[in-house]
Amino acid sequence: MKYIIGREGNQKTPIYDKSVSRQHLEVTPLGDGRYHIKNIGRNGTKVNGLNIDETTVEVTTPLQLGASYKTTLQQLLQLPEPPETVDISHLEGIYKRFTTDKARLRRDQMKPTYYRYLATASLPFIGLLTILFKELFKGFEYINTILIVSVSILVPIGIGLLIYSISIQKRITQEVPERENALINKFKIEYICPKCKKFLGDQPVEALRKQGKCPYCQTKWK
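Below: a short report on this structure.

About the criteria used
- Residues numbered from 1 in each chain as written.
- Predicted model: local features only at pLDDT ≥ 70, side-chain atom pairs only at ≥ 80, totals over all residues.
- Heavy atoms only, no water.
- Salt bridge = Lys/Arg side-chain N within 4 Å of Asp/Glu carboxyl O.
- Helix = DSSP H or I, 4+ residues; strand = E, 2+ residues; numbered from the N terminus.
- Buried < 20%, exposed > 50% of the residue type's maximum accessible area, 1.4 Å probe, protein only.
- Pairing = 2+ DSSP bridges.
- Axes fitted to C-alpha atoms, helices over the stretch in contact; angles between N-to-C directions.
- Phe/Tyr/Trp six-rings, centres within 6.5 Å; stacked < 30°, edge-to-face > 60°.
- Core = buried A, V, L, I, M, F, W, Y, C linked by side-chain atoms within 4.5 Å.
- Contact = heavy atoms within 4.5 Å.
- Polar contact = N/O pair within 3.5 Å; in protein donor to acceptor, adjacent residues only side chain to side chain.

Considering the pattern of salt bridges
Side chains that differ in sign of charge can pair as their charged atoms come close.
Reasoning step 1: Scanning the entire structure with this criterion turns up 6 salt bridges.
Reasoning step 2: Note that Glu190 is salt-bridged to Arg97, the shortest N-O span being 3.1 Å. Pair noted here: Glu190 is in helix α3 (residues 143-190) and Arg97 is in helix α2 (residues 90-136), with a separation of 93 residues, a long-range link.
Reasoning step 3: Of the residues examined, Arg97 reaches a relative accessible area of 38% and is grouped as partly exposed.
Reasoning step 4: Salt-bridge contacts for Glu180 lead to Arg106; the nearest nitrogen and oxygen are separated by 2.5 Å. Separated by 74 residues along the polypeptide, Glu180 in helix α3 and Arg106 in helix α2 bring together distant segments of the chain.
Reasoning step 5: Among the residues examined, Glu180 registers a relative accessible area of 23% and is labelled partly exposed.
Reasoning step 6: In this structure Arg106 comes out as partly exposed when scored by relative accessible area, which is 33%.

Observations concerning the sheet that holds strand β3 (residues 35-39)
Reasoning step 1: What the 4 strands build is an open sheet, ordered β1-β2-β3-β6; its pairing is antiparallel. The two strands at the open ends of the sheet, each matched to only one other strand, are β1 (3-5) and β6 (54-57). Across the sheet, the mean angle from the axis of one strand to that of its neighbour is 25 degrees, orientation sign disregarded.

Notes on the packing of aromatic side chains
Aromatic ring pairs: the centre-centre distance and the angle between the two ring planes describe each pair.
Reasoning step 1: Within the structure shown, the criterion is met by 5 aromatic pairs.
Reasoning step 2: An angle of 55 degrees between the planes, with centres 6.2 Å apart, marks the rings of Tyr95 and Phe187 as tilted. Of this pair, Tyr95 sits in helix α2 while Phe187 sits in helix α3, and the two are 92 residues apart along the sequence.
Reasoning step 3: Given the relative accessible area of 4%, Phe187 is considered buried.

A short note on the sheet that holds strand β8 (residues 69-71)
Backbone hydrogen bonds are what pair the strands of a sheet, in a parallel or an antiparallel way.
Reasoning step 1: With respect to topology, 4 strands assemble into an open sheet ordered β5-β4-β7-β8, the strand pairing being antiparallel. The outermost strands of the open sheet, each flanked by one partner alone, are β5 (50-52) and β8. On average, each strand axis in the sheet is inclined to that of its neighbour by 30 degrees, with strand direction left out of account.
Reasoning step 2: By the bridge criterion, 3 bridges tie strand β4 (residues 45-47) to β5 in an arrangement that is antiparallel. Directly across from Lys46, in β5, lies its bridge partner Asn51.

A short note on the nonpolar core
Reasoning step 1: Within the largest apolar cluster, 18 residues are counted, with the highest numbers of intra-cluster contacts made by Ile5, Val27, Ile37, Leu65 and Leu73.
Reasoning step 2: Listed by contribution, the elements that provide at least two residues to this core are β1, β2 (25-29), β3, β7 (63-65) and α1 (73-77).
Reasoning step 3: Once residues within four sequence positions are removed from consideration, Leu73 is found in contact with Val27, Tyr35, Ile37, Val57, Glu58, Val59, Leu63, Gln78 and Leu79.
Reasoning step 4: By size, the runner-up hydrophobic cluster in this structure holds 15 residues, among which are Leu91, Phe98, Leu183 and Tyr191.

Comments concerning the pairing of β3
Reasoning step 1: Covered by surrounding structure in β3 are Tyr35, Ile37 and Asn39 only, the residues His36 and Lys38 on the alternate face being uncovered.
Reasoning step 2: Inspection of the sheet shows β2 paired to β3 by 5 bridges, in the antiparallel sense. Bridge pairing links Leu25 to Asn39 in β3.
Reasoning step 3: Between β2 and β3, which pair antiparallel one after the other, the connecting turn spans 5 residues, and Gly31 there sits at a positive phi close to 90 degrees.
Reasoning step 4: With 4 bridges joining them, β3 and β6 adopt antiparallel strand pairing. Considered in β6, the bridge of Tyr35 is made with Val57.

A closer look at the side chain of Ser19
Reasoning step 1: Here Ser19 is to be found in the loop between β1 and β2.
Reasoning step 2: Overall, the relative accessible area of 13% leaves Ser19 in the buried class.
Reasoning step 3: In this structure the side chain of Ser19 is engaged in a polar contact, spanning 3.0 Å, whose partner is the backbone nitrogen of Ala67.
Reasoning step 4: Those residues in contact with Ser19 that sit more than four places away from it in its chain are His24, Asn43, Leu65, Gly66, Ala67 and Ser68.

Structure representation (structure tokens):
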């Protein structure tokens, strides 16, 4: 529906200011909450203090019709309050930090298993390496000495890795649940709607933007 604003217009709020023409402003809704306006009055129309011929405005954009009549389309057409729009770009950093910390926590959780596998695999590897070197360098005078020295170094390393994996297993078993709970609790406090302060779940920011608004308070997001 197109509106004609003026002293004899079809707006809901009457205008009595003589500097406003009988038909002063042509208003066309664009369907996305904005309006296209076109000045048709003899004394001009200002938007945010600037003279315009035609432009696109929000319902709350300040207008001046004629010499001094200041208003908005919301007042003239008696439109409902537009829904508040809030910026959620800061949530991107919060979500990224949470996923990074969570991945680091999972890596820490796997460390004992990794060291245990490494230690377990090193012992048969040392035996296989010893046999291989004996065959390849069986004519070499000092091969036995070299193998004894190598084994005396590698075997303690393997045993050390095994002992280390067992020692950190207990510590990580105690620490990881506490760290995980602290991480999740912090995420629940920070990853919230800026308006109603409710937790938004574990959806990434891209998914939230597709929703377009908060599922709780219906505040629009940008």
